[in-house]
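Summary of structural features
If you want the building blocks of each chain, they are given just below.
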Amino acid sequence: MRRPRGEPGPRAPRPTEGATCAGPGESWSPSPNSMLRVLLSAQTSPTRLSGLLLIPPVQPCCLGPSKWGDWPLGGSPSTGHVQGLQRLLEQARSPGELLRWLGQNPTKVRAHHYPVALRRLGQLLGSRPRPPPVEQATLQDLSQLIIRNCPSFDVHTIHVCLHLAVLLGFPSDGPLVRALEQERRLRLPPKPPPPLSSLLRETRPEELTPHVMVLLAQHLARHRLREPQLLEAIAHFLVVQENQLTSKVVQKLVLPFGRLNYLPLEQQFMPCLERILAREAGVAPLATVNILMSLCQLRCLPFRVLHFVFSPGFINYISGTPHALIVRRYLSLLDTAVELELPGYRGPRLPRRQQVPIFPQPLITDRARCKYSHKDIVAEGLRQLLGEEKYRQDLTVPPGYCTDFLLCVGSSGAVLPVRTQDPFLPYPPRSCPQGQAASSPTTRDPAQRVVLVLRERWHFCRDGRVLLGSRALRERHLGLMGYQLLPLPFEELESQRGLPQLKNYLRQKLQALGLRWGPEGG
């Protein structure tokens, strides 16, 4: 039998994204966590993100298919046409196609199809690499469809539509939100809840669940969003819920603070973390070290916990665990931070036999984005400007930091061939002042080590002004070890048009440091 045009062939229905499958006779309830995923996928503004955290939990309602079939609001199995329409909505490739399926099939549309359409709209707006264009008229037509049919919705469907409409950015005083709010009030008990506008004000983060806050923290860290209001909300949540949080949850909550190089204003943030670490350090070793890594990026290492993680008992314990190598790498970095940044620390240290290189190769983000990096063209510019024997690329210097480009410079400012020099400065560093030249054992000539540091766009928080914590830590430690840093910001590199301009730019940068060299090589 021929299928109607536009109807997909029979196949096992899939649960929609962020949904939890329900059995026969059960309803599907979008939790705040699934709603958060819808919002985060749409890449909306921090104001709307705060709005999600303030909307009360949605009560259970049926939103269509589970693996047992499609159950409409009436409770009986739907026809194949209704099932087909739901699949078409879930697979729509553009907002216009969504509207077309709803408008051209009025006899097949059920109340639960509208939340499905709104949820699919959120997925389309957050699609990669480029979301489809959305015409204002399309959104208005979709709003009018929902407004016209919402009197037939039950209270649960209205609540879900209202929730999704706010997440997708429909204005709180617009016709769609007003109509849904009015219908919801008509179905509520005599004492109505506070209006939507009051729900969107700041609220107490301690009323939220740890899982929601972890999702928020991971989103901020993953997308390099340095949003003070949201970060302060996470810090306040951590302080208020201190006694209910384990170190495995805390490590995820503090992750964005170190990565985004943001020390919160919350005065109890550090005392709270110190108490949690003292309580949980022996329970979850990896989580403990992860928390210390975040605090290391913020230059806030607590001495008491350092005494514990550098103790022979802790080191012997982690040596037999599956994550021993990564913990030893983190402990090596912590030991470096103690050496360079904590002169007053007098406790135990990581034994030399346990130390491993910190970052023996370029970081994962640099390797993943190598085709967008300026490293190759800068390397070619240096090759033509200095000659390839006068710089080293991607050289890892003790205790394990990978440098972009390293030059050896004599006391007169001449750039020296690297093969005639020891490119490494001693570590631990000698007690000479920072920046003072160290004597080269090969030539007995006082020599400086100059490190050209690429500052790519993804080395910064999303606003482009604050270095990520790991980058700031690397530069800080290289400077404390005696290397002279020459940053090459992405804004300046992107403004160079072609290799000749880039060579001139590099020449000016090197000459500004007082460096000189012979005729161009290559």
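Residues numbered from 1 in each chain as written. Predicted model: local features only at pLDDT ≥ 70, side-chain atom pairs only at ≥ 80, totals over all residues. Heavy atoms only, no water.

Where an unreviewed UniProt entry is consulted, the protein chain appears under the name Fas-activated serine/threonine kinase isoform X2, with the organism given as Sapajus apella. Under the UniProt heading Subcellular location (unreviewed entry), the note attached to the protein chain is "Mitochondrion". (UniProt positions renumbered as here; feature names shortened; annotations may be inferred.)

Tallying secondary structure elements over the protein chain gives 22 helices and ten strands in all. Looking at the protein chain residue by residue over its 522 residues, the buried ones come to 50%. Put simply, 72% of the contacts in the protein chain that link residues at least 6 apart link residues at least 24 apart. Total accessible area on the protein chain is roughly 25200 Å²; 53% of this is exposed by carbon and sulfur atoms. (Helix = DSSP H or I, 4+ residues; strand = E, 2+ residues; numbered from the N terminus. Buried < 20%, exposed > 50% of the residue type's maximum accessible area, 1.4 Å probe, protein only. Contact = heavy atoms within 4.5 Å. Areas by Shrake-Rupley, 256 points an atom, 1.4 Å probe, with all protein chains shown as cover.)

All right, on to the packing of aromatic side chains then. Under the definition given, this model contains six aromatic pairs. On the basis of an interplanar angle of 40 degrees and a centroid distance of 5.4 Å, the ring pair of Y114 and F153 is categorised as tilted. Taken together, the residues span a long stretch of sequence, with Y114 in helix α5 (residues 113-125) and F153 in the loop between α6 (136-149) and α7 (155-167) at a distance of 39 residues. Using a relative accessible area of 4% as the deciding quantity, one classes Y114 as buried. Classification of F153 as buried rests on a relative accessible area of 2%. (Phe/Tyr/Trp six-rings, centres within 6.5 Å; stacked < 30°, edge-to-face > 60°.)

In this model, the protein chain carries a mean pLDDT of 78, and residues with pLDDT of at least 70 account for 74%. Ranking the elements of the protein chain by mean pLDDT puts strand β1 (residues 65-66) last, at 34, and strand β10 (residues 484-489) first, at 97. Note on residues 196-201: pLDDT is under 50 here. Beyond four places in sequence and across chains, it has twelve contacts. (pLDDT = per-residue confidence, 0-100.)

Within this structure, the stated rule accounts for 16 salt bridges. Look at the salt bridges and you will find they share partners, linking K375, D394, D404 and R474 into a network. (Salt bridge = Lys/Arg side-chain N within 4 Å of Asp/Glu carboxyl O.)

Let us look at the packing of helix α10 (residues 210-222) against helix α12 (residues 247-259). For the pair α10 and α12, interaxial distance at closest approach is 8 Å and the crossing angle is 30 degrees. As the angle between them shows, α10 and α12 are arranged roughly parallel. In the crossing of α10 with α12, the sense of the turn from one axis to the other is left-handed. Residues P210, M213, V214, A217, Q218, L220, A221 and R222 of α10 pack against V249, K252, L253, L255, P256 and R259 of α12. (Axes fitted to C-alpha atoms, helices over the stretch in contact; angles between N-to-C directions. Parallel < 35°, antiparallel > 145°, perpendicular 65-115°, else oblique. Left-handed = near helix turned anticlockwise from the far one by under 90°.)

Here we take up the nonpolar core. Judged by nonpolar contacts, the single largest core of 69 residues is most densely connected at L238, F257, L301, F310 and L331. When we break this core down by domain, the ones giving at least three residues each are domain 2 (196-354) and domain 3 (364-430 + 445-513). Those residues in contact with F310 that sit more than four places away from it in its chain are I315, L331, L334, D335, V338, Y345, P348, R349 and L350. L118, L139, L142 and L168 belong to the second largest nonpolar core, which has 33 residues in total. (Core = buried A, V, L, I, M, F, W, Y, C linked by side-chain atoms within 4.5 Å. Domains from an automatic or database assignment.)

Before going further, it helps to examine the pairing of strand β6 (residues 405-410). Counting buried positions over the six residues of β6 gives six, a clear majority of the element. Bridging between strand β3 (residues 392-393) and β6 involves two bridges; their strand directions are antiparallel. Residue pairing for β6: Q393 is matched across the bridge by F405. As defined by bridge partners, β6 adjoins strand β7 (residues 415-416) across two bridges and the pair is classed as antiparallel. (Pairing = 2+ DSSP bridges.)

So, on to the side chain of S332. Mapped onto the elements of the fold, S332 is located in helix α17 (residues 324-341). At 2.8 Å, the side chain of S332 and the backbone oxygen of R328 are in polar contact. If we skip the residues at most four places from it in the chain, S332 touches L350, Q354, Q355, V356 and I358. (Polar contact = N/O pair within 3.5 Å; in protein donor to acceptor, adjacent residues only side chain to side chain.)

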